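Structure assessment
Read off the chains here:
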Amino acid sequence: MSYLSIPPAPVGPGQRQASLQRTLLALLDTGHAVASSELDALSDLGPRQQEQFQATWASLSSERRRDLITALVEFAEDHIDANFTAIYRWLLDDGDAWIRTQAVEGLWEDEDVRLITPLIRCLEHDADPDVRAAAALSLGRFLLLGEYGQIDASAARRVTATLLAAYRRDQEETWVQRRLLEALANSSLAELPELILLAYQAEDDILRVGALFAMGRSADARWNRYVLQELDNHDSAMLFEAVRASGELELEEAVPHLLRLLGDEDIEIRDAAVWALGRIGGREAWRALKACYTSGDEDLAEAAENALAELEFMAGDDTMPSFFAPI
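Below or above, wherever it landed, is the structure these notes cover. Model, not experiment: these values are computed from the prediction.

Scoring rules and cut-offs
- Residues numbered from 1 in each chain as written.
- Predicted model: local features only at pLDDT ≥ 70, side-chain atom pairs only at ≥ 80, totals over all residues.
- Heavy atoms only, no water.
- Helix = DSSP H or I, 4+ residues; strand = E, 2+ residues; numbered from the N terminus.
- Buried < 20%, exposed > 50% of the residue type's maximum accessible area, 1.4 Å probe, protein only.
- Contact = heavy atoms within 4.5 Å.
- Axes fitted to C-alpha atoms, helices over the stretch in contact; angles between N-to-C directions.
- Parallel < 35°, antiparallel > 145°, perpendicular 65-115°, else oblique.
- Left-handed = near helix turned anticlockwise from the far one by under 90°.
- Nonpolar A, V, L, I, M, F, W, Y, C, P; charged D, E, K, R; others polar.
- Core = buried A, V, L, I, M, F, W, Y, C linked by side-chain atoms within 4.5 Å.
- Salt bridge = Lys/Arg side-chain N within 4 Å of Asp/Glu carboxyl O.
- Phe/Tyr/Trp six-rings, centres within 6.5 Å; stacked < 30°, edge-to-face > 60°.
- Lys NZ or Arg CZ within 6 Å of the ring centre and 35° of its normal.

Examining the overall build of the protein chain
- Scanning the protein chain from terminus to terminus reveals 18 helices and 0 strands.
- In terms of overall dimensions, the protein chain has C-alpha extents of about 60 × 60 × 40 Å along its principal axes.
- In the protein chain, which comprises 327 residues, the proportion classed as buried is 45%.
- Sequence-distant contacts in the protein chain: of pairs separated by 6 or more residues, those separated by 24 or more amount to 63%.

Rendered as structure tokens:
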């Protein structure tokens, strides 16, 4: 039996409690940098353990609290089995708006429909626009789940109605409106095309960026010409969303523009072009991505490898050569 196949030793309740106590004590020691192994003790907290965590949290400074939730979010990104849901949900009511925002974002993988109600509360009543914007995006996930029939239709309708009402609310921050539109783009709402077009025609650049995102997410070919014309935009935010939308819409006409952007000095735009080529596919895209993969630029090669894998997956047959094959 190899080392990797040996199952981990079971951890009993007593060991878990002792591990949690060590972590809580470490949190109270401001001179101690909490290690990953200590953060793991905060995963899957039961009711009693959650109470102990909350009592410790009350004794932490604002800076220590911010450092902790940042560490939890980063830890969860690298450890898919980590579950800090109980902590994040409790922190939705924290007095620090920044922490509330991080808590909403930390709940991104939580698809429990019971989360809809607290997210709606954040969207409708939180005084901080960043919290409302984060809640809007998070609610958009449930629209997508509704479209795929993975949650109850009545729950999806409730989310749609809430997001639409919030989008139409007077005096809402433009930043929040953008996120609301992006969330609504996950739905088959009849009014969606009109909302996208009005936002695109608005004078506010923030809304226009959101409209481009929504065009791509909607997978509606009516937006092809708008996305194509924005691929020549000199504004980096608009250009980035146009590039992403061209990939979402699988716009073959966008390929020449995307090839040009592979040399863009803005790394985010360059990587978005790589991603879009992987979505659109075709031999020209394959050749360009293979050249990126063998370019010697480590970051570009990694982005190209992911795009080539996506291209092969989307093809689903032998029409495209393996990205390890010679050009």
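Things to note about the packing of helix α4 (residues 62-78) against helix α6 (residues 97-106)
- Packing of α4 against α6 brings their axes to within 10 Å, and their N-to-C directions diverge by 10°. Put simply, α4 runs roughly parallel to α6. Viewed along their axes, α4 and α6 form a crossing whose handedness is left-handed. Between α4 and α6, the contacting residues are Arg65, Arg66, Ile69, Thr70 and Val73 on the first element and Trp98, Ile99, Gln102 and Ala103 on the second.
- Here the contact of α4 with α6 is built from residues that sort into 5 nonpolar, 2 polar and 2 charged.

Quick look at the environment of Leu119
- Along the chain, Leu119 turns up in helix α7 (residues 116-125).
- Since its relative accessible area comes to 0%, Leu119 is described here as buried.
- Between the C-alpha atom of Leu119 and that of Leu139, which follows or precedes it by 20 residues, the distance is 6.9 Å.
- Residue contacts for Leu119: discarding those within four places in its chain leaves Val104, Ala135, Ser138, Leu139, Arg141 and Phe142.

A short note on the nonpolar core
- Within the largest apolar cluster, 100 residues are counted, with the highest numbers of intra-cluster contacts made by Leu42, Leu68, Leu163, Leu181, Leu184 and Val243.
- Apart from residues lying up to four places away in sequence, Leu68 is in contact with Leu27, Leu39, Leu42, Phe53, Trp57 and Leu60.

So, the pattern of salt bridges
- Across all of its chains, the model carries 20 salt bridges by this definition.
- Among the charged side chains, a network of salt bridges with common partners joins Arg89, Asp110, Asp112 and Arg114.

Quick notes on the packing of aromatic side chains
- Across all of its chains, the model carries 7 aromatic pairs by this definition.
- Taking 6.2 Å as the distance between ring centres and 80° as the angle between the ring planes, the aromatic pair formed by Phe84 and Tyr88 counts as edge-to-face.
- On the basis of relative accessibility, which here comes to 2%, the residue Phe84 falls in the buried class.
- If you follow Arg222 out to its NZ or CZ, it ends over the ring of Trp223, 6.0 Å from the centre.
- Positioned above the aromatic ring of Trp275 is the side chain of Arg244, whose terminal nitrogen or guanidinium carbon lies 3.7 Å from the ring centre.

Looking at the environment of Ala161
- Counting through the fold element by element, Ala161 comes out in helix α9 (residues 153-167).
- With 23 residues separating them in the primary sequence, Ala161 and Leu184 have C-alpha atoms 9.8 Å apart.

Quick notes on the side chain of Thr56
- Examined against the element boundaries, Thr56 turns out to sit in helix α3 (residues 47-57).
- On the accessibility criterion, Thr56 (9% relative accessible area) is buried.
- Those residues in contact with Thr56 that lie beyond four places of it in its chain are Leu24, Leu27 and Leu28.

A closer look at unusual backbone geometry
- Even without being glycine, Asp44 reaches a positive phi, approximately 55°.
- If you trace the backbone, Asp44 turns up in the loop between α2 (36-39) and α3.
- For Asp44, a relative accessible area of 45% corresponds to the partly exposed category.
- With phi around 65°, Gln171 is a residue other than glycine that occupies positive phi space.
- Structurally, Gln171 is set in the loop between α9 and α10 (174-184).
- The exposure class of Gln171 is exposed, given its relative accessible area of 84%.

Thoughts on the packing of helix α8 (residues 129-147) against α10
- Remark: α8 packs on α10, axes separated minimally by 8 Å, with the N-to-C direction vectors making an angle of 5°. Between α8 and α10, the interaxial angle falls into the category roughly parallel. Contacts between α8 and α10 involve Pro129, Asp130, Arg132, Ala133, Ala136, Leu137, Gly140 and Leu143 on the former and, on the latter, Trp175, Val176, Arg179, Leu180, Glu182, Ala183 and Leu184.
- Here the contact of α8 with α10 is built from residues that sort into 10 nonpolar, 1 polar and 4 charged.

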